[in-house]
Amino acid sequence: MRHPPNFNGLARIYRVLEMATFGPWLWRCRCAFLDELRTRRSAAVLGDGDGRFTARLLEENPLVLVDAVDASVEMLRALVQNAGHRSGRVRIHLADAREWKPHSPAYDLIVTHFFLDCLTTAEVTALARRLRENVTPKAVWAVSEFAIPEGWFGWLVARPVVQALYLAFLVLTGLRVQRLPDYRTALEAAGFERARKQEALGGLLVSELWTPRAH
Ligand SMILES: C[S@@+](CC[C@H](N)C(=O)[O-])C[C@H]1O[C@@H](n2cnc3c(N)ncnc32)[C@H](O)[C@@H]1O
């Protein structure tokens, strides 16, 4: 198995980089379905990064407990800082999410914001299958991702943007994956179905909510 990419060097500047490139749009994607996450009790946030979303989730939802998984120690350090006095409700897991064993048999929330694009389609499928065994029947999985929409915008704008991002992350973090995974097929194969979808920036960004199909 490849080593996970190393995001340690980006942890402190990640927010600034994000604002300089996409302004508020990534943040809007992460928060697209926040209203529906306020009643959740047990969350697994994978590839959590600097934890700004987790901090917001903890703020909006006073009862949720979070398992935060990331392969970068510096990202997790930033996460704990961002969670502030609410960090007591977060269990930190410094781990490769591809090998991480879920700590709860009954998550009612999974979150992957701009993380699945660090994996191949086969890796997303394996991860989703493992998670499917550890979610409640009414769980939701919030996904934010880059996408390449059909049509001229996809070819002329979204594709080059995504390629440039992959190149930048190859140089900065050693990320070996260089194409978006087909995570929709992966999640469907693992027993999830899409319940909601929102797009931004002409379809370059998508936010989705997935739910488990009945066994
Ligand atoms: C592009 S960042 C996204 C961070 C955050 N979720 C966000 O919305 O900005 C990807 C994150 O996934 C983590 N990551 C990448 N591959 C990983 C893996 N195999 N296991 C665990 N974490 C991983 C990186 O360390 C990084 O923090």
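This one's a predicted model, so the numbers in the text were calculated from it and none came from an experiment.

Calculation notes
- Residues numbered from 1 in each chain as written.
- Predicted model: local features only at pLDDT ≥ 70, side-chain atom pairs only at ≥ 80, totals over all residues.
- Heavy atoms only, no water.
- Helix = DSSP H or I, 4+ residues; strand = E, 2+ residues; numbered from the N terminus.
- Buried < 20%, exposed > 50% of the residue type's maximum accessible area, 1.4 Å probe, protein only.
- Lys, Arg positive; Asp, Glu negative; His and termini not counted.
- Charge placed at Lys NZ, Arg CZ, Asp CG, Glu CD.
- Phe/Tyr/Trp six-rings, centres within 6.5 Å; stacked < 30°, edge-to-face > 60°.
- Lys NZ or Arg CZ within 6 Å of the ring centre and 35° of its normal.
- Near = heavy atom within 4 Å.
- Polar contact = N/O pair within 3.5 Å; in protein donor to acceptor, adjacent residues only side chain to side chain.
- Areas by Shrake-Rupley, 256 points an atom, 1.4 Å probe, with all protein chains shown as cover.
- Nonpolar A, V, L, I, M, F, W, Y, C, P; charged D, E, K, R; others polar.
- Arc of directions from axis to C-beta.
- Contact = heavy atoms within 4.5 Å.
- Pairing = 2+ DSSP bridges.
- Axes fitted to C-alpha atoms, helices over the stretch in contact; angles between N-to-C directions.
- Core = buried A, V, L, I, M, F, W, Y, C linked by side-chain atoms within 4.5 Å.

Peer 1: Can you walk me through the overall build of the chain in this structure?
Peer 2: A tally of helices and strands in the chain yields seven helices and seven strands. Across the chain, helices and strands are ordered from the amino to the carboxyl terminus as α-α-β-α-β-α-β-β-α-β-α-α-β-β. Here the C-alpha coordinates of the chain stretch approximately 45 × 40 × 35 Å along the principal axes. Counting across all 215 residues of the chain, residues that qualify as buried make up 52%. Across the chain, the mean location of the 28 positive side-chain charges is 1 Å away from that of the 23 negative side-chain charges.

Peer 1: Looking at this model, I keep getting lost on the packing of aromatic side chains. Mind explaining?
Peer 2: Both the distance between ring centres and the angle between the ring planes are used here to describe each pair of aromatic rings. On inspection of all chains with the given rule, the structure shows six aromatic pairs. Considering the side-chain rings of Trp-100 and Tyr-107, the 6.4 Å spacing of their centres and the 40 degrees angle between planes classify their relative orientation as tilted. The interplanar angle of 55 degrees and the centroid separation of 5.3 Å between the aromatic rings of Phe-114 and Phe-146 together place this pair among those described as tilted. Here the residue Phe-114 occupies a position in the loop between strand E4 (107–113) and helix H5 (121–132), and Phe-146 occupies one in strand E5 (residues 135–146), the gap between them amounting to 32 residues. Residue classification places Phe-114 among the buried residues on the basis of a relative accessible area of 10%. Grouping aromatic residues by their ring pairs yields a cluster made of Phe-22, Phe-114 and Phe-146. Lying across the ring of Trp-25, Arg-28 places its NZ or CZ 4.7 Å from the centre.

Peer 1: Which parts of the structure should I look at to understand the site of the ligand?
Peer 2: Neighbouring the ligand are 20 residues; Arg-30, Gly-47, Asp-70, Ala-97 and His-113 lie closest to it. A distance of 2.7 Å is found between a nitrogen atom of the ligand and a backbone nitrogen or oxygen belonging to Gly-47. When the free accessible area of the ligand is taken as 600 Å², the share hidden by the protein chains comes to 97%. Of the residues that constitute the shell around the ligand, the class distribution is 11 nonpolar, four polar and five charged.

Peer 1: How do you make sense of helix H4 (residues 73–83) when you look at a structure like this?
Peer 2: It helps to recall that an α-helix has 3.6 residues per turn; residues three or four apart then point in one direction. Among the residues of H4, Met-75, Leu-76, Ala-78, Leu-79 and Ala-83 are the ones counted as buried. For H4, the buried positions fall inside an angular range of 160 degrees around the axis, keeping them on one side. Buried residues along H4 sit in contact with helix H1 (14–22), helix H3 (52–60), strand E2 (65–70) and strand E3 (90–94). Once H4 finishes, Gly-84 follows within two positions and takes phi at roughly 55 degrees, a positive value.

Peer 1: Sorry if this is basic, but what is going on with the sheet that holds strand E1 (residues 42–46) here?
Peer 2: Two modes of strand pairing occur in sheets, parallel and antiparallel, and in both the strands are linked by backbone hydrogen bonds. Taken together, seven strands build an open sheet; the order of strands is E3-E2-E1-E4-E5-E7-E6 and the sheet is mixed. The outermost strands of the open sheet, each flanked by one partner alone, are E3 and strand E6 (192–200). Strand-to-strand twist in this sheet, taken as the mean axis angle between neighbours without regard to direction, amounts to 15 degrees. Set on the sheet, H5 makes contact with E1, E4, E5, E6 and strand E7 (205–212); between it and E5 the angle comes to about 155 degrees.

Peer 1: Please clarify how the environment of Leu-65 should be interpreted in this entry.
Peer 2: Mapped onto the elements of the fold, Leu-65 is located in strand E2. What makes Leu-65 partly exposed here is its relative accessible area of 48%. A sequence separation of 135 residues divides Leu-65 from Ala-200, and the C-alpha atoms of the two residues are 29 Å apart. Excluding anything up to four places from it in sequence, Leu-65 contacts Arg-41, Ser-42, Ala-43 and Arg-89.

Peer 1: Just to check I follow, could you spell out the nonpolar core for this structure?
Peer 2: Within the largest apolar cluster, 26 residues are counted, with the highest numbers of intra-cluster contacts made by Leu-116, Trp-141, Leu-187 and Phe-192. Breaking this core down by element, the ones donating at least two residues are E1, E4, H5, E5, helix H7 (183–189) and E7. When near neighbours in sequence (up to four residues on either side) are disregarded, Phe-192 contacts Ala-128, Leu-131, Arg-132, Val-135, Trp-141, Leu-187, Trp-210, Thr-211, Pro-212 and Arg-213. Core analysis: the next-biggest nonpolar cluster, separate from the first, contains 21 residues, Leu-57, Val-66, Val-90 and Leu-209 among them.

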